[in-house]
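Each chain is listed here by its residues.
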Amino acid sequence: NSRFVSLYLGRFKNHWGTPRGSGVLISDNPLSYDQFTLRIGGDRLALYSLIGELDSSLDGAFPSRIEFLPPEDRARAERRYLAAHRLNWRPTRTFQLSLMESALYSGPGTGVSLKYLIPFHVYAFEVDNTPKNDENNGLLAGLIWAYLKPFTITGQILIDDLDLMGENGEPGSVAFTGSLVWGGIHPTLDAGAMLEVVAARTYNTHLPEGRYLYLLRGLATQFNDYVHVAAFADMYLDSAIPGLTVSPRVDLLWQGSSDIRDPFPEEDDSVDFILNGPVERTIRPALRIRYQPGPQFWAGFDYGINFITHETSDGVDIHPVGLFTVGTRFSFARPYRLSFR
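Quick notes on the rules
- Residues numbered from 1 in each chain as written.
- Predicted model: local features only at pLDDT ≥ 70, side-chain atom pairs only at ≥ 80, totals over all residues.
- Heavy atoms only, no water.
- Helix = DSSP H or I, 4+ residues; strand = E, 2+ residues; numbered from the N terminus.
- Rg over C-alpha atoms; globule rule 2.2 N^0.38 Å.
- Buried < 20%, exposed > 50% of the residue type's maximum accessible area, 1.4 Å probe, protein only.
- Areas by Shrake-Rupley, 256 points an atom, 1.4 Å probe, with all protein chains shown as cover.
- 1 Å grid on protein atoms, 1.4 Å probe; cavity = no way out; pocket = protein on both sides within 12 Å on 5 of 7 lines; lining within 4 Å.
- Points joined across faces, edges and corners; volume = space filled by probe spheres on them.
- Nonpolar A, V, L, I, M, F, W, Y, C, P; charged D, E, K, R; others polar.
- Core = buried A, V, L, I, M, F, W, Y, C linked by side-chain atoms within 4.5 Å.
- Contact = heavy atoms within 4.5 Å.
- pLDDT = per-residue confidence, 0-100.
- Phe/Tyr/Trp six-rings, centres within 6.5 Å; stacked < 30°, edge-to-face > 60°.

A.B. asks: Before we go on, may I ask you to explain the overall build of the protein in this structure?
C.D. replies: In terms of helices and strands, the protein carries one helix and 16 strands. Over its C-alpha trace the protein gives a radius of gyration of 22 Å, about what one expects of a compact globule, namely 20 Å for 341 residues. Dimensions along the principal axes, computed over C-alpha positions, put the protein at roughly 75 × 65 × 45 Å. Counting over 341 residues, the protein shows a buried share of 40%. In the form shown here, the protein has an accessible surface area of approximately 20000 Å², with 60% of it arising from carbon and sulfur atoms.

Structure representation (structure tokens):
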């Protein structure tokens, strides 16, 4: 790792989104997976690339323990890989624009594919020529971040499948997230709101191995076919207890019936663009408390009450939900300076 180049090889997570929000292309929602990650560039312009090995499947079943299968079955197992690239442009300290793309490809005996190591190759090269030995699910996304004192604005949009010419008549497959934070309403108070919209077909494909999942967890968002709105405030109570933050918030979640893990709809199936089928609506007032006296330790508590209604039933279901987390961080590192003459 250096100022202009970094290389990482191992099993870890990535999050190409805002620190407290979702990532529409790559997020920390899935479990860690084996990968090679490269960064070239500095603060103003940088290219990030990764290629990761995901779970394998046999006859569309996930996850599969193919190492226990007979050799003839292992040979036809679908080995799945993820290649992703992100180009960051930050002309000033208060503005950043990112262009991102990814491809999930698989096939019997598939390995690291050289063409997927080329950033944005699908938009600059012919990729469907012979030989074409793998199947892929390609996504394109963009991110914008801006600080317009006292507001911080973020936005991400992903295009999975969009019929601009109206030729096939299928609903689009897109995802969007955005947030607005008002910092410094008071020296001890910030407030903000966020919006997430994911269409009913997003992250799903005709082939089970093409679904944007790893060990049944979304590589980006965990679900599709929903609208999520939230408003929150962060109160910094360091004057009373150093490192204490109290955050009241309210979440509204409208969830459709489509699921990334479901078979992809046929062409003649009627599927809404978003909020397909019976919709479940959840309203959740909550209180989050975080205590972090230093960088090595933190603890948090989240308690809320879910008020749930469903189109297929009457009445309101009420579910109190709480979560307690605690964490610690250890660092073992030694710097080495390299010089070339």
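A.B. asks: Where do I start with empty space enclosed by the protein in this structure?
C.D. replies: Rolling a probe over the atoms, with the probe sized like a water molecule, indicates the empty space that remains. All chains considered together, the criterion is met by one cavity of 30 Å³ or more. Taken as a whole, the largest cavity encloses approximately 60 Å³ of empty space. Along the walls of the largest cavity sit Leu 213, Leu 216, Gln 222, Phe 223, Asn 224, Asp 259, Ile 260 and Arg 261, which together make up its complete lining. Considering only residue class, the lining of the largest cavity consists of four nonpolar, two polar and two charged.

A.B. asks: In this structure, what is going on with the nonpolar core? I would like to understand it.
C.D. replies: The nonpolar side chains of a soluble globular protein tend to be buried with one another. One finds Leu 25, Ile 26, Leu 82, Leu 158, Tyr 203, Tyr 212 and Leu 219 to be the most contacted residues of the largest nonpolar core, which totals 25 residues. When residues of this core are traced back to their parent elements, those giving at least two are strand S4 (78–92), strand S5 (95–108), strand S6 (135–148) and strand S10 (213–214). Residue contributions to this core peak at three residues, all from S6. With sequence-adjacent residues up to four places away left out, Leu 82 is seen in contact with Ile 26, Tyr 33, Leu 50, Ile 51, Gly 52, Leu 54, Ser 102, Ala 103, Tyr 212 and Leu 219. Within the second largest apolar cluster, six residues are counted, among which are Ile 51, Ala 83, Ala 103 and Tyr 116.

A.B. asks: Would you take a moment to explain the confidence of the model for the protein for this structure?
C.D. replies: Chain-level statistics for the protein give a pLDDT mean of 88 and a share of 92% at 70 or above. Across the protein, the element-wise mean pLDDT spans from 72 in helix H1 (residues 71–75) up to 97 in strand S13 (residues 244–255).

A.B. asks: Sorry, what's going on with the environment of Trp 182 here?
C.D. replies: Turning to its location among the elements, Trp 182 is positioned in strand S8 (residues 173–186). Separated by ten residues in sequence, Trp 182 and Gly 192 place their C-alpha atoms 5.8 Å apart. Setting aside chain neighbours within four positions, we find Trp 182 in contact with Pro 150, Phe 151, Asp 190 and Ala 191.

A.B. asks: Can you walk me through the packing of aromatic side chains in this structure?
C.D. replies: Given two aromatic rings, one states the distance between the centres and the angle between the planes to describe the pair. Within the structure shown, the criterion is met by seven aromatic pairs. A centroid spacing of 4.2 Å and a plane angle of 5 degrees characterise the contact between Tyr 105 and Tyr 116, whose relative ring orientation is stacked. One end of the pair, Tyr 105, is in strand S5; the other, Tyr 116, is in the loop between S5 and S6, with eleven residues separating them in the sequence. With a relative accessible area of 0%, Tyr 105 lands in the buried category. Judged by its relative accessible area of 3%, Tyr 116 falls in the buried class. Note on Phe 151 and Trp 182: the rings are 5.6 Å apart at their centroids and 40 degrees apart in plane angle, and the pair reads as tilted.

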